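# Structure at a glance
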Amino acid sequence: MEIIERIYQILDQTDKKAVDLCNVLKIRTSTMSTWKIRVNDPLAKYMKMIADFLEVSLDYLLTGEETSSKKTTSLDEDEMLELYRMLPDSKKYEFKGEIKGYLKAISETQKYLDKEKRLSV
């Protein structure tokens, strides 16, 4: 299936309209009609905007298949990232410094505990 066919298929399956997509792309509806009639795919510069409008991934738009992206973060990590993103930009640097200081303190504490353990043996 060609990309333009996939676009029209997704439009048919959703409540989205081709005219609205054309408005987003800032093209005439006749341009999109020409793509459909000639079975030509849209230019690469439109692909991301089309995928976003249709609420599909670029992979799906281009191939018709979703690539399985493995989630590499835990829920706790996602929460930390979300909290970090909520910080004003001016405070993000400060926050990173605080975390680095905390990690250094943990490391120093562990070194002390390891030394105490060796001495007590």
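First, a word on what this report is: a plain description of the structure on this page.

Thresholds, definitions, all that
Residues numbered from 1 in each chain as written. Predicted model: local features only at pLDDT ≥ 70, side-chain atom pairs only at ≥ 80, totals over all residues. Heavy atoms only, no water. Patch = residues over 30% accessible without salt bridge, like charges linked within 9 Å, V, L, I, M, F, W, Y side chains within 5 Å. Areas by Shrake-Rupley, 256 points an atom, 1.4 Å probe, with all protein chains shown as cover. Salt bridge = Lys/Arg side-chain N within 4 Å of Asp/Glu carboxyl O. Helix = DSSP H or I, 4+ residues; strand = E, 2+ residues; numbered from the N terminus. Buried < 20%, exposed > 50% of the residue type's maximum accessible area, 1.4 Å probe, protein only.

On to a nonpolar patch on the surface, then. Together, Met-80, Leu-83, Met-86, Ile-99, Tyr-102, Leu-103 and Ile-106 give the surface a local cluster of nonpolar side chains, amounting to about 720 Å² of exposed area. Mapped by element, the contributors of at least two residues to the nonpolar patch are helix H6 (75–86) and helix H7 (89–120). Counting residues per element, the nonpolar patch draws most heavily on H7, at four residues. Locating Leu-83 in the fold gives a position in helix H6.

Side-chain pairing between opposite charges can occur once the charged atoms of the two side chains come close. One pass over the full model with this rule turns up five salt bridges. A salt bridge links Glu-94 to Lys-91; the nearest nitrogen and oxygen atoms lie 3.4 Å apart. Of this pair, Glu-94 and Lys-91 are both found in helix H7, three residues apart, which corresponds to roughly one turn of the helix. Judged by relative accessible area, Glu-94 falls into the partly exposed class, the value being 44%.

Glancing now at unusual backbone geometry. Even without being a glycine, Lys-26 presents a positive backbone phi close to 60°. Inspection of the secondary structure puts Lys-26 in the loop between helix H2 (18–25) and helix H3 (29–38). Taking relative accessible area as the criterion, Lys-26 reaches 76% and is therefore assigned exposed. A positive phi angle, near 60°, is found at Glu-55, a position not held by glycine. Mapping Glu-55 onto the fold places it in the loop between helix H4 (44–54) and helix H5 (58–63). A residue is classified by how much of its surface remains accessible, and Glu-55, at 65% relative accessible area, is exposed.

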